[in-house]
Amino acid sequence: MIENVCFYVKELTQREVLAIKALNTGTADASQQQMALAVICNKFSRPHDLLFVPGESDQTVFMNGRAFVGMQILKTLNVKVGQLQNDGE
């Protein structure tokens, strides 16, 4: 088991770091936007990981909080926009 498993993040490639930075500045092209979102979901929030650390309730709670963000992003990506209520914008 990796020590401090809840804080472990797979190392990012240079392209992934550049994609995140470009997303932040608003200059990301389509592939960088997709890569940045994939990094946020798959490497940072990791909603598909096992979210239980036996004997470590604080790490389990932390991992579930982190994964919640990824789950909300994935849920939003699957929303049918035509079924949303118009908020006047």
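Residues numbered from 1 in each chain as written. Predicted model: local features only at pLDDT ≥ 70, side-chain atom pairs only at ≥ 80, totals over all residues. Heavy atoms only, no water.

Any chance you could break down the overall build of the protein for me, citing the residues and the numbers?
In terms of regular secondary structure, the protein is built from 3 helices and 0 strands. Secondary structure of the protein in N-to-C order comes out as α-α-α. By residue count, 25% of the 89 residues in the protein fall in the buried class. Taking all contacts inside the protein whose residues are at least 6 apart in sequence as the whole, residues at least 24 apart take part in 49%. Roughly 6,800 Å² of accessible area belongs to the protein as shown, and the carbon and sulfur atoms make up 57% of that amount. (Helix = DSSP H or I, 4+ residues; strand = E, 2+ residues; numbered from the N terminus. Buried < 20%, exposed > 50% of the residue type's maximum accessible area, 1.4 Å probe, protein only. Contact = heavy atoms within 4.5 Å. Areas by Shrake-Rupley, 256 points an atom, 1.4 Å probe, with all protein chains shown as cover.)

Tell me about the packing of helix α1 (residues 14–25) against helix α2 (residues 30–45), residues and numbers included.
Close contact between α1 and α2 brings their axes to 8 Å; oriented N to C, the two are set at 110°. Relative to α2, the element α1 lies roughly perpendicular. Side by side, α1 and α2 meet where R15, E16, L18, A19, I20, A22 and L23 of the first sit next to Q32, Q33, M35, A36, V39, I40, K43 and F44 of the second. Along the lines of polarity and charge, the residues of the contact of α1 with α2 split into 10 nonpolar, 2 polar and 3 charged. (Axes fitted to C-alpha atoms, helices over the stretch in contact; angles between N-to-C directions. Parallel < 35°, antiparallel > 145°, perpendicular 65-115°, else oblique. Nonpolar A, V, L, I, M, F, W, Y, C, P; charged D, E, K, R; others polar.)

Can you break down α2 residue by residue, with the values?
Taking 1.5 Å per residue as the helical rise, α2 with its 16 residues ought to reach 22 Å, and the 21 Å between its terminal C-alpha atoms agrees with that figure. Of all the bends in α2, the greatest measures close to 25° and is centred on V39. Looking at α2, one finds that the buried residues are M35, A36, V39, C41, K43 and S45. The inward-facing, buried residues of α2 abut α1 and α3 (57–77). (Expected span 1.5 Å × (residues − 1). Bend = angle between axes of the 7 residues up to and from the residue.)

So yeah, pure geometry; function would need other evidence.
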